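Here are the chains, one letter per residue:
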Amino acid sequence: MKRFKLAIVLATCSLIAATCSKKDALFANNSGGNSAAYNRSVGASAKELLSANPYTALSVEIVYMPGYAPQPAALDHLRQFLINRLNKPAGITITTRAIPDTASQLNLDQVAHIENKDRSAFNTGTQMSLYILYAGSSYTEPNTLGISYRNSSAALFEKTIYAHSGGFGQVTRAVLEATVLEHEVGHLMGLVDLGSPMQTTHKDAQHGNHCNNNQCLMYYATETTDFFSALPGGSIPVPDANCLADLRANGGK
């Protein structure tokens, strides 16, 4: 059975093309410096993302390659997901913009290089930022749908998503995109056991940082073809009670 993956990549400086010694030159558009703030491991900024301290607002920058603009319904669902889970009284904004196309297949270093070159939203004052790439490419593990690879960064591989959504017997593209988006953002929020401590043990020891509840957004079956058949009525999974308890205990809703 083929596996379709939503992956977590715990990035270190050795995985990324730039080195920590050049932290303030890592991102070409980061005039404010302190690039190390965006080059930490997945989940390292969970409390900052979930709580209102020190950031009361959130900016989500989504960049996409030609022909792969985000589905409006998926963005609407992501916005509501963030509103429901984050304490950001000053608001949440999502912006999208196109960037040039790239290779038909990307590895982690290439994904990080695109962010280093094109990311333009950074933490300013009391506003935190996330960066999400919609790549018109597949990943080097060709059945991977998305990855979260830094503390405020994730990528979706739209070439693979398009191949497995919107057709006869498949989930809609908007449902699949929203599910991948929210699963990866869930990891940035520290789920499961990545930066939001578990209030009750619910980590699936056999499948890494995923929930042991097969009805949860963070269940490991999002990595297999069973994921598609597990969407009742084509609905988008939600975090279960244990995942919600972890988020609330770490500053979220």
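Named according to an unreviewed UniProt entry, the chain is Peptidase originating from Niabella soli DSM 19437.

Chemist: For this particular structure, what's the right way to read the side chain of Ser 153?
Modeler: Locating Ser 153 in the fold gives a position in strand E8 (residues 153-157). Judged by relative accessible area, Ser 153 falls into the buried class, the value being 0%. Among the polar contacts listed, one links the side chain of Ser 153 to the side chain of Arg 119, at a separation of 3.5 Å. Apart from the residues within four sequence positions on either side, Ser 153 is in contact with Glu 115, Arg 119, Tyr 131, Ser 148 and Leu 188.

Chemist: What exactly am I supposed to notice about the nonpolar core here?
Modeler: A general tendency of soluble globular proteins is for nonpolar side chains to be buried together. The biggest cluster of nonpolar side chains holds 43 residues, and the ones touching the most others in it are Leu 58, Leu 82 and Met 189. For this core, the elements supplying multiple residues, two or more each, are helix H1 (46-50), strand E2 (57-64), helix H2 (72-85), strand E3 (91-98), strand E5 (127-135), helix H5 (173-188) and helix H7 (241-249). Residues in contact with Met 189, not counting those within four places in the same chain, are Ala 46, Leu 49, Leu 50, Phe 81, Leu 82, Arg 85, Leu 86, Ser 196 and Leu 247. The next biggest cluster of nonpolar side chains, apart from the first, holds 17 residues, and it includes Met 65, Val 111, Ala 135 and Ile 147.

Chemist: What's the story with the packing of H2 against H5 in this structure? I'm lost.
Modeler: Between two packed helices, both the angle of their axes relative to each other and the distance between the axes serve to describe the pair. Viewed as axis vectors pointing N to C, H2 and H5 meet at an angle of 30°, and their least axial separation amounts to 8 Å. Remark: the crossing between H2 and H5 carries right-handed chirality. Across from Ala 73, Ala 74, His 77, Leu 78, Phe 81 and Leu 82 in H2, the residues of H5 making contact are Ala 174, Glu 177, Ala 178, Leu 181, Glu 182 and Val 185. Among the residues making up the contact of H2 with H5, the classes are represented as nine nonpolar, one polar and two charged.

Chemist: I would appreciate a short explanation of the packing of aromatic side chains in the present structure.
Modeler: Working definition: an aromatic ring pair is given by the centre-to-centre distance plus the angle between the planes. Scanning all chains against the criterion turns up five aromatic pairs. Between Phe 27 and Phe 122, the aromatic rings sit 5.7 Å apart at their centres with planes inclined by 65°, giving edge-to-face as the arrangement. Taken together, the residues span a long stretch of sequence, with Phe 27 in the loop between strand E1 (5-8) and H1 and Phe 122 in the loop between helix H3 (108-118) and E5 at a distance of 95 residues. Residue Phe 122 is classed as buried on the basis of its relative accessible area, which comes to 9%. Judged by centre distance (4.9 Å) and plane angle (65°), the rings of Tyr 68 and Tyr 162 are edge-to-face. On the criterion of sequence distance, the pair formed by Tyr 68 in the loop between E2 and H2 and Tyr 162 in helix H4 (residues 158-163) is long-range, its members being 94 residues apart. Tyr 162 gets classed as partly exposed once you look at its relative accessible area, which sits at 23%.

Chemist: Explain unusual backbone geometry here, please?
Modeler: Glycine aside, residues mostly have negative phi angles, and peptide bonds mostly take the trans form. Following Asn 53, the chain continues to Pro 54 via a peptide bond in cis, the omega torsion being 5°. By the secondary structure assignment, Pro 54 is in the loop between H1 and E2. Residues Leu 191 and Val 192 are joined by a peptide bond in cis, for which omega reads -5°. Summarising the element assignment, Val 192 is placed in the loop between H5 and helix H6 (226-229).

Chemist: When you look at the environment of Gly 32 in this model, what are you seeing that I'm missing?
Modeler: Structurally, Gly 32 is set in the loop between E1 and H1. Given the relative accessible area of 66%, Gly 32 is considered exposed.

Chemist: What is the right way to read the pairing of E8 from this model?
Modeler: The side chains of a regular strand alternate, residue by residue, between the two faces of the sheet. Where burial is concerned, most of E8 is hidden: five out of the five residues are buried. Both faces of E8 are covered, namely the face carrying Ser 153, Ala 155 and Phe 157 and the face carrying Ala 154 and Leu 156. One ladder, built from five bridges, connects E5 with E8; its direction is parallel. Within the sheet, the bridge partner assigned to Tyr 131 lies in E8 and is Ser 153. Note that strand E7 (residues 144-150) and E8 share four bridges and pair antiparallel. What sits directly across from Ile 147, in E8, is Ala 155. Taken together, E7 and the strand that follows it, E8, pair antiparallel across an intervening segment of two residues.

About the criteria used
Residues numbered from 1 in each chain as written. Predicted model: local features only at pLDDT ≥ 70, side-chain atom pairs only at ≥ 80, totals over all residues. Heavy atoms only, no water. Helix = DSSP H or I, 4+ residues; strand = E, 2+ residues; numbered from the N terminus. Buried < 20%, exposed > 50% of the residue type's maximum accessible area, 1.4 Å probe, protein only. Polar contact = N/O pair within 3.5 Å; in protein donor to acceptor, adjacent residues only side chain to side chain. Contact = heavy atoms within 4.5 Å. Core = buried A, V, L, I, M, F, W, Y, C linked by side-chain atoms within 4.5 Å. Axes fitted to C-alpha atoms, helices over the stretch in contact; angles between N-to-C directions. Left-handed = near helix turned anticlockwise from the far one by under 90°. Nonpolar A, V, L, I, M, F, W, Y, C, P; charged D, E, K, R; others polar. Phe/Tyr/Trp six-rings, centres within 6.5 Å; stacked < 30°, edge-to-face > 60°. Pairing = 2+ DSSP bridges.

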